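Structural characterization, general
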Number of protein chains: 4
Amino acid sequence: MKPTNKKSWRYRLHEIIYEADTPMGKLFDIVLLILILLSIVLVMLESVSEIDAKYHEILYIGEWIITIFFSLEYIARIITVKKPRVYIFSFYGIIDFLSTIPLYLSFLFAGSSFLLSVRALRLLRVFRILKITRYIGEAAKLRKALINSKAKILVFLFAVLVIAVIAGTLMYIIEGPEHGFKSIPISVYWCIVTLTTVGFGDIAPSTPLGQLLATVIMILGYGIIAVPTGIVSAEYTKSMDKNDVLGKDYVHVNTQACLNCGAQRHRDDAKYCHKCGEKLNYESNLET
Amino acid sequence: MKPTNKKSWRYRLHEIIYEADTPMGKLFDIVLLILILLSIVLVMLESVSEIDAKYHEILYIGEWIITIFFSLEYIARIITVKKPRVYIFSFYGIIDFLSTIPLYLSFLFAGSSFLLSVRALRLLRVFRILKITRYIGEAAKLRKALINSKAKILVFLFAVLVIAVIAGTLMYIIEGPEHGFKSIPISVYWCIVTLTTVGFGDIAPSTPLGQLLATVIMILGYGIIAVPTGIVSAEYTKSMDKNDVLGKDYVHVNTQACLNCGAQRHRDDAKYCHKCGEKLNYESNLET
Amino acid sequence: MKPTNKKSWRYRLHEIIYEADTPMGKLFDIVLLILILLSIVLVMLESVSEIDAKYHEILYIGEWIITIFFSLEYIARIITVKKPRVYIFSFYGIIDFLSTIPLYLSFLFAGSSFLLSVRALRLLRVFRILKITRYIGEAAKLRKALINSKAKILVFLFAVLVIAVIAGTLMYIIEGPEHGFKSIPISVYWCIVTLTTVGFGDIAPSTPLGQLLATVIMILGYGIIAVPTGIVSAEYTKSMDKNDVLGKDYVHVNTQACLNCGAQRHRDDAKYCHKCGEKLNYESNLET
Amino acid sequence: MKPTNKKSWRYRLHEIIYEADTPMGKLFDIVLLILILLSIVLVMLESVSEIDAKYHEILYIGEWIITIFFSLEYIARIITVKKPRVYIFSFYGIIDFLSTIPLYLSFLFAGSSFLLSVRALRLLRVFRILKITRYIGEAAKLRKALINSKAKILVFLFAVLVIAVIAGTLMYIIEGPEHGFKSIPISVYWCIVTLTTVGFGDIAPSTPLGQLLATVIMILGYGIIAVPTGIVSAEYTKSMDKNDVLGKDYVHVNTQACLNCGAQRHRDDAKYCHKCGEKLNYESNLET
């Protein structure tokens, strides 16, 4: 930790960029967040032809300012971090890189269609926002709840897809191309639109039988939405129970065994076997 | 509390306006509520051109009655309350003022577009209804549950927005302006319409790839709706566990035994056996 | 219970109609259920012009059969029940009557518009299905859960309406009649369509500001759907907790007070005060 | 289990087909899964006229490969299984058969409309995927949760249908055929579209009264979606409370005190103090 003259400036930079405790660090984080949001707004506004026509120069300049800042940040991160390679090939490293180069690329190449995908690249900056999430305790909780119920949700989605495929084909047979159900994929797409209760209405059944099946699909979708919800809220309640409900009336027990009577599952703070009163061996207690 | 002659009428007014216990107070509250609802209905009906054309006079008179009543109420509140300034600059104080002045303003200025915003001002009367909520115990509970899970919900909304921005841009690239996705903001708007399972259908993907992405967005939206629900219901369940399930009608009992009759399951704070009245051993009680 | 010769046939009829234990009773219930469903199907089919044109005679005959059966049932119920008046003016009594007379009425009067409302009357037969619910244990549970959370749900609906009124007016101001938001009521209607994530798309915002507000409304609606769900599932979990979680470690206490030390909240089975060991008075124990 | 020369090859086949433990078994399962998915994709692509026009040959060949594989699998299953009849008339047996024959049938008969239903038959292969579910532990859990709350959900759906029928007829009376509500069945269909918050928008109320009723229906649908969700999540929470929250890692403790060292909160089954090893008093233990 003893910073030598040479690395001291580096160390300070590292502190500013990677830590949020120092006032400079806080300032840096805020500026970064603002610029990220600004850059996204820029990309969006550019896509609105009227605005782009009017304020093209301003947008362009803004783009430049942001790109330069991000470039400097990227370089700074590489310099200050201990293992540059690790950072460069980390999720955020790649995001930082990809979301910075577009403007430079737009010099080398051109073509509106290509510029579009370049804009898309810029949008990767959104992921930079995720950096902020580490300041939000809730985010972790939420992520945890989702990860815990991930398996369940996947199974659920799998079920939804199977239903959609079957119902979609039936709709295709019943309604047929003449009523907008041009192909099975389209019908399956329509089914998911309906199952998820989105219901665009660009395609809608017009035959009585089709409408009957649609009814079944809708009610099905209406009913099965309960499943993921149930799962997540159960997960949540569970995680809460751990903290709140599981009160002072319960104590954690470990798998250590008594050397005298072999009784297991003693309290972590147990010094004597609760079965035979034999002193419990020290090692395990030290380890506990 | 000893009302002097001078302030006695004030005191009575205060009682009528601020308390709902006295018959007069109750009556006042009911009249107020009716007039609030009436005033909102008035504003709405005015906006319906046919109705406004026919019954303009009636609406206008009704408006006058309400405005006068509200004006008097406003003045009465200022007079009767101990610290007028506190009330005037309180949430309800501002609401009461803003929702009363419109008619007076409509004399000073004119211009249909302006009158519209005046109508909007009048709509602030809706907030007056919130005054009633203090009579509804549930409202507090509900508000509490929402406030408790506010942080979580914000994180969730943040996530929704990030998804919408990313998916929106992708849709913009895939579908492009020729299919109604005129700009990224519009695409993001469409994404939220889809994620929230609203699905107006004014814009809908028409390319296979676009429909595939739409499917993903829909299922995503269908899945993540589980999160806020899970959060709130968990909050609710939690708050219930404390207040309702383990309400004041239940008390914790332990398995300690009476040395005289051997009866078990005494209340934690029990000093005497509830079966035989024998004093229970001290140590445990001292340590409880 | 000793049926005399005179009333014996009545008694048997009563058994058949009101009880489902006897084979005849079961049969009666099944026939009734089938005829109820049939009658609803009839009314529906009649409304489909093509079907009505083709099979008018069949539908008409079917209608006759059902009406006659229902008439006989209605008379039978009045005869067999102990207090006819109670039945006649009970919910089911009125339903049975109203859902039987339409055909007879259709003789006295005519006029397609009137016949429509007559059809509607017939639809009251749907409520007869509710009779079946008494065989479904779950129904009671469900009803209970809903009734328990009724207050909460009402508050929630009230909140939804307030939001809809405010947002609706804002939309009316922003979008205006030229974009389909003809009046505040229409805008409020649109708001509820959006808040509830139904989203017909018959009206949709077209100005950027309008779409921004729409986004807020949608996410709001998407978020607050969590509230009723949370409420109900909490209610459900609660009702379950009562049975499952609230285990042997908790005991019910009453409000009886000790005559010696005044300590309250004794266990129902307490004979001695847990505070001072004084014998508790007998009356209260006998009453408990 | 002692495989004779004759049946040994059979026994090995049985192992490969029915068990997933052996490497060959695993491989077989994976190949099967891939082919099932492939076959579904094929059927879908065939339905897209453009694709079918271009790549008809490839699709046809693919179809052949899959059909042959499935045929062999089907025969193998019959040969290797102990009770062929049981398998053949089991759910999977019928699925396997029906999803294999289509191509053979398409030789005997022809006619686009018929070929469609043949395609549908092929889609039954989707159900083969269900075979995979037995590898997913979650699936069982999910199924259990659904089965547990099946009765409740049925009651709920029944309620939804009753509401839809009543509201649908009212809409038919209010809006009438001139506004798209051509018949009661159509109106009921529209009602379910609205209740389930799908809202296609192909039909939408245009009269004020109709829109008012629609509002009620929407809010109703928005509210009652809470019921199935509440049910399922309650089921889930319940099932979790037992398995997860109070898992084998926690043991109940009481507040009984050791007479020697006064340490409290011993396990209910403790005979000796876990702090000092002193024997705990008998009475309480005997009664535990």
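The structure displayed is predicted, hence computed values, not measured ones.

1. Some thoughts on the overall build of chain A
- When helices and strands are counted, chain A shows 14 helices and 1 strand.
- Buried residues in chain A amount to 48% of all 288 residues.
- By sequence separation, contacts in chain A at least 24 residues apart represent 53% of the contacts at least 6 residues apart.

2. Focus on the packing of aromatic side chains
- Enumeration over the complete set of coordinates arrives at 32 aromatic pairs over all chains.
- Between Tyr74(C) and Phe97(C) the ring centres are 5.8 Å apart and the planes differ by 45 degrees, which places this aromatic pair in the tilted class. With a gap of 23 residues between them, Tyr74(C) in helix α3 (residues 49–80) and Phe97(C) in helix α5 (residues 91–98) connect regions that are remote in the sequence.
- Taking the relative accessible area as the measure of exposure, Tyr74(C) reaches 12% and is therefore buried.
- In this structure Phe97(C) comes out as partly exposed when scored by relative accessible area, which is 38%.
- Each residue in the set Phe28(A), Phe69(A) and Phe70(A) is aromatic and connected to the rest through ring pairs, giving one cluster.

3. Here's the deal with helix α3 (residues 49–80) of chain A
- Its 32 residues give α3(A) an end-to-end C-alpha distance of only 41 Å, which falls more than 12% under 46 Å, the value for a rise of 1.5 Å per residue.
- At Tyr55(A), α3(A) is bent by approximately 85 degrees, the largest bend along its length.

4. Structural notes on the UniProt feature "transmembrane region" (unreviewed entry) in chain A
Residues and elements named next belong to chain A.
- On the UniProt side, "transmembrane region" (unreviewed entry) is annotated at positions that read residues 27–45, 57–76, 88–116, 153–174, 186–204 and 210–232 here.
- Span residues 27–45 is 100% helix and 0% strand, its end C-alpha atoms 27 Å apart.
- For residues 57–76, the helix share is 100%, the strand share is 0%, and the end-to-end C-alpha distance is 29 Å.

5. Describing the environment of Phe156(A)
- Looking at the secondary structure, you find Phe156(A) in helix α10 (residues 150–175).
- Considered as a pair, Phe156(A) and Ile231(A) are 75 residues apart in the sequence and their alpha carbons are 10.0 Å apart.

6. A few points about the nonpolar core
- Counting 175 residues, the largest nonpolar core has Trp190(A), Trp190(B), Trp190(C) and Trp190(D) as its most contacted members.
- Setting aside residues no more than four positions away along its own chain, Trp190(D) makes contact with Phe200(C), Met171(D), Phe181(D), Ile203(D), Ala204(D), Pro205(D), Ala214(D) and Ile217(D).

7. With respect to the confidence of the model for chain A
All names here are of chain A.
- Confidence along chain A averages 75 in pLDDT terms, with 68% of residues attaining 70 or more.
- Below pLDDT 50 for its whole length, residues 242–250 participates in 24 contacts with residues either more than four positions away or in separate chains.
- Counting contacts from residues 282–288, a segment whose pLDDT is below 50, to residues more than four positions away or on other chains yields 7 contacts.
- We note a pTM of 0.74 for the whole complex and an ipTM of 0.70 for its interfaces.

8. Let's talk about the packing of helix α11 (residues 184–195) of chain B against helix α12 (residues 208–224) of chain C
- In contact at an axis separation of 9 Å, α11(B) and α12(C) are set at 25 degrees when each is read in the N-to-C sense. With respect to α12(C), the element α11(B) is oriented roughly parallel. The two elements α11(B) and α12(C) meet at a crossing, and its hand is left-handed. Contacts from Ile186(B), Tyr189(B), Ile192(B), Val193(B) and Leu195(B) of α11(B) reach α12(C) at Gln211(C), Ala214(C), Thr215(C), Met218(C), Ile219(C) and Tyr222(C).
- Each residue belonging to the contact of α11(B) with α12(C) can be placed in one class, and the counts come to 9 nonpolar, 2 polar and no charged.

9. Topic: the packing of helix α2 (residues 23–47) of chain A against α3(A)
Residue and element names in this part refer to chain A.
- For the pair α2 and α3, the least separation of the axes is 9 Å and the interaxial angle reads 145 degrees. In the packing of α2 onto α3, the handedness of the crossing is left-handed. On α3, the residues that touch Phe 28, Val 31, Leu 32, Leu 35, Ile 36, Leu 38, Ser 39, Leu 42, Leu 45, Glu 46 and Ser 47 of α2 are Ser 49, Ile 51, Asp 52, Leu 59, Gly 62, Glu 63, Ile 66, Phe 69, Phe 70, Glu 73 and Arg 77.
- Looking at the contact of α2 with α3, its residues break down into 13 nonpolar, 4 polar and 5 charged.

10. What to know about the pattern of salt bridges
Residue and element names in this part refer to chain A.
- Applying the stated criterion across every chain, the model contains 8 salt bridges over all chains.
- A salt bridge links Arg 77 to Asp 96, with the shortest nitrogen-to-oxygen separation between them at 3.9 Å. With a gap of 19 residues between them, Arg 77 in helix α3 and Asp 96 in helix α5 (residues 91–98) connect regions that are remote in the sequence.
- On the accessibility criterion, Asp 96 (0% relative accessible area) is buried.

11. Overview of the environment of Ile95(D)
Residue and element names in this part refer to chain D.
- Residue position: Ile 95 is located in helix α5 (residues 91–98).
- The buried category is assigned to Ile 95, whose relative accessible area is 6%.
- Between the alpha carbons of Ile 95 and Leu 124 there is a distance of 6.3 Å; along the sequence they are 29 residues apart.

12. Side note on a nonpolar patch on the surface
Residues and elements named next belong to chain A.
- Taken together, the side chains of Trp 9, Ile 68, Leu 72, Ile 75 and Ile 79 define a hydrophobic patch exposed on the protein surface, amounting to about 460 Å² of accessible area.
- In terms of residue count, α3 provides more of the nonpolar patch than any other element does, 4 residues in total.
- Residue position: Trp 9 is located in helix α1 (residues 5–18).

13. Quick word on the environment of Thr100(B)
All names here are of chain B.
- Take Thr 100: it is sitting in the loop between α5 (91–98) and α6 (102–108).
- With a relative accessible area of 5%, Thr 100 lands in the buried category.
- As for Thr 100 and Arg 122, which are separated by 22 residues in sequence, their C-alpha atoms are 7.0 Å apart.
- Within the structure, Thr 100 has its side chain in polar contact with the backbone oxygen of Asp 96 (distance 2.4 Å).

Conventions used here
- Residues numbered from 1 in each chain as written.
- Chains lettered and ligands numbered in written order.
- Predicted model: local features only at pLDDT ≥ 70, side-chain atom pairs only at ≥ 80, totals over all residues.
- Heavy atoms only, no water.
- Helix = DSSP H or I, 4+ residues; strand = E, 2+ residues; numbered from the N terminus.
- Buried < 20%, exposed > 50% of the residue type's maximum accessible area, 1.4 Å probe, protein only.
- Contact = heavy atoms within 4.5 Å.
- Phe/Tyr/Trp six-rings, centres within 6.5 Å; stacked < 30°, edge-to-face > 60°.
- Expected span 1.5 Å × (residues − 1).
- Bend = angle between axes of the 7 residues up to and from the residue.
- UniProt positions renumbered as here; feature names shortened; annotations may be inferred.
- Core = buried A, V, L, I, M, F, W, Y, C linked by side-chain atoms within 4.5 Å.
- pLDDT = per-residue confidence, 0-100.
- Axes fitted to C-alpha atoms, helices over the stretch in contact; angles between N-to-C directions.
- Parallel < 35°, antiparallel > 145°, perpendicular 65-115°, else oblique.
- Left-handed = near helix turned anticlockwise from the far one by under 90°.
- Nonpolar A, V, L, I, M, F, W, Y, C, P; charged D, E, K, R; others polar.
- Salt bridge = Lys/Arg side-chain N within 4 Å of Asp/Glu carboxyl O.
- Patch = residues over 30% accessible without salt bridge, like charges linked within 9 Å, V, L, I, M, F, W, Y side chains within 5 Å.
- Areas by Shrake-Rupley, 256 points an atom, 1.4 Å probe, with all protein chains shown as cover.
- Polar contact = N/O pair within 3.5 Å; in protein donor to acceptor, adjacent residues only side chain to side chain.

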